[in-house]
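# Structure assessment
Here is how the chains run, residue by residue.
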Amino acid sequence: MTLTDIESHIDEFAQSGYYQLLDPCVKEHGGGIITHFLRQCASAGAQSVESLTSAVLETALLDGMTALDLPPASKQGIPALLSAFFRYVSETGHYPPASRWENTMEALQQKFLAKFREDGSVRGETFRKKYSDVSRNDPCPCGSGKKFKKCCLRLIS
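Reading the values: rules and limits
Residues numbered from 1 in each chain as written. Predicted model: local features only at pLDDT ≥ 70, side-chain atom pairs only at ≥ 80, totals over all residues. Heavy atoms only, no water. Helix = DSSP H or I, 4+ residues; strand = E, 2+ residues; numbered from the N terminus. Rg over C-alpha atoms; globule rule 2.2 N^0.38 Å. Buried < 20%, exposed > 50% of the residue type's maximum accessible area, 1.4 Å probe, protein only. Core = buried A, V, L, I, M, F, W, Y, C linked by side-chain atoms within 4.5 Å. Contact = heavy atoms within 4.5 Å. Salt bridge = Lys/Arg side-chain N within 4 Å of Asp/Glu carboxyl O. Phe/Tyr/Trp six-rings, centres within 6.5 Å; stacked < 30°, edge-to-face > 60°.

Here we come to the overall build of the protein chain. For the protein chain, the helix and strand inventory stands at 10 helices and 0 strands. Counting helices and strands in the order they occur from the N terminus, the protein chain gives α-α-α-α-α-α-α-α-α-α. Over its C-alpha atoms the protein chain spans a radius of gyration of 21 Å, topping by over 25% the 15 Å that the globule rule assigns to 157 residues. Within the protein chain, the proportion of its 157 residues that are buried is 38%.

Written as structure tokens, this is what we have:
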């Protein structure tokens with residue numbers, strides 16, 4: 001069975017009771033999160049569902065899922081979403097051994113949540129300014145051609 005076979009059950013999962021019990025901010029992005037996770041597993045070396053080991057799941061979750069551009073509540077609900085998906089796949093008979101993945105997700109949940117600060121940003125990421133420093137006499141970054149002190153400086157002062 002390939003990862004694409006498991007991915008094909010996402011729509012069924014979204015209609016199930018397993019999905020309805022999840023936090024609404026996680027459900028808003030649920031299908032995309034699961035798809036992205038399975039692709040992260042593939043890039044971590046899993047070619048089939050049989051090759052989804054605990055190490056692959058850990059790498060995909062801790063390295064590939066923290067960088068998603070999602071609201072903090074959605075990011076922090078990723079392990080619960082994946083556990084529910086794996087429980088669904090296992091209990092519906094699509095792939096019964098998926099219950100071990102559910103157990104792995106539950107074990108990794110605290111590690112995953114520890115990667116976030118209280119404000120929802122990811123620990124260990126370097127903060128980069130989205131603008132360069134502009135001194136008073138430099139040309140204004142808005143492109144007007146005027147000096148910064150005569151143009152936009154008063155807007156930020």
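Our focus in this paragraph is the nonpolar core. Core analysis: the biggest nonpolar cluster contains 39 residues, and Phe13, Phe37, Cys41, Leu61 and Ile78 have the highest contact counts within it. Contributing elements (two or more residues each) for this core: helix H1 (3–7), helix H2 (10–14), helix H5 (30–43), helix H6 (54–64), helix H8 (78–91) and helix H9 (99–113). Here this core gets 8 residues from one element, more than from any other, and that element is H8. In contact with Leu61, other than residues within four places in its own chain, are Phe37, Thr66, Ile78, Leu82, Met105, Leu108 and Phe112.

This brings us to the pattern of salt bridges. Here the structure, examined in full by the defined rule, presents 3 salt bridges. One salt bridge connects Lys111 with Glu58, and the closest N-O pair in it is separated by 2.6 Å. Of this pair, Lys111 sits in helix H9 while Glu58 sits in helix H6, and the two are 53 residues apart along the sequence.

With the rule as written, the count across this model stands at 9 aromatic pairs. Ring plane angle 50° and centroid distance 5.7 Å describe the contact between Phe13 and Tyr88, whose orientation is recorded as tilted. On the criterion of sequence distance, the pair formed by Phe13 in helix H2 and Tyr88 in helix H8 is long-range, its members being 75 residues apart. Given the relative accessible area of 1%, Phe13 is considered buried. Under the relative-accessibility criterion, Tyr88 is labelled buried at 7%. What links up through ring pairs into an aromatic cluster is the set Phe13, Tyr18, Tyr19, Phe37, Phe85, Phe86, Tyr88, Tyr95 and Trp101.

Another aspect to go through is the environment of Ala84. The residue Ala84 is located in helix H8 in this model. For Ala84, a relative accessible area of 3% puts it in the buried group. Taking the C-alpha atoms as reference, Ala84 lies 21 Å from Asp63; in sequence the two are 21 residues apart.

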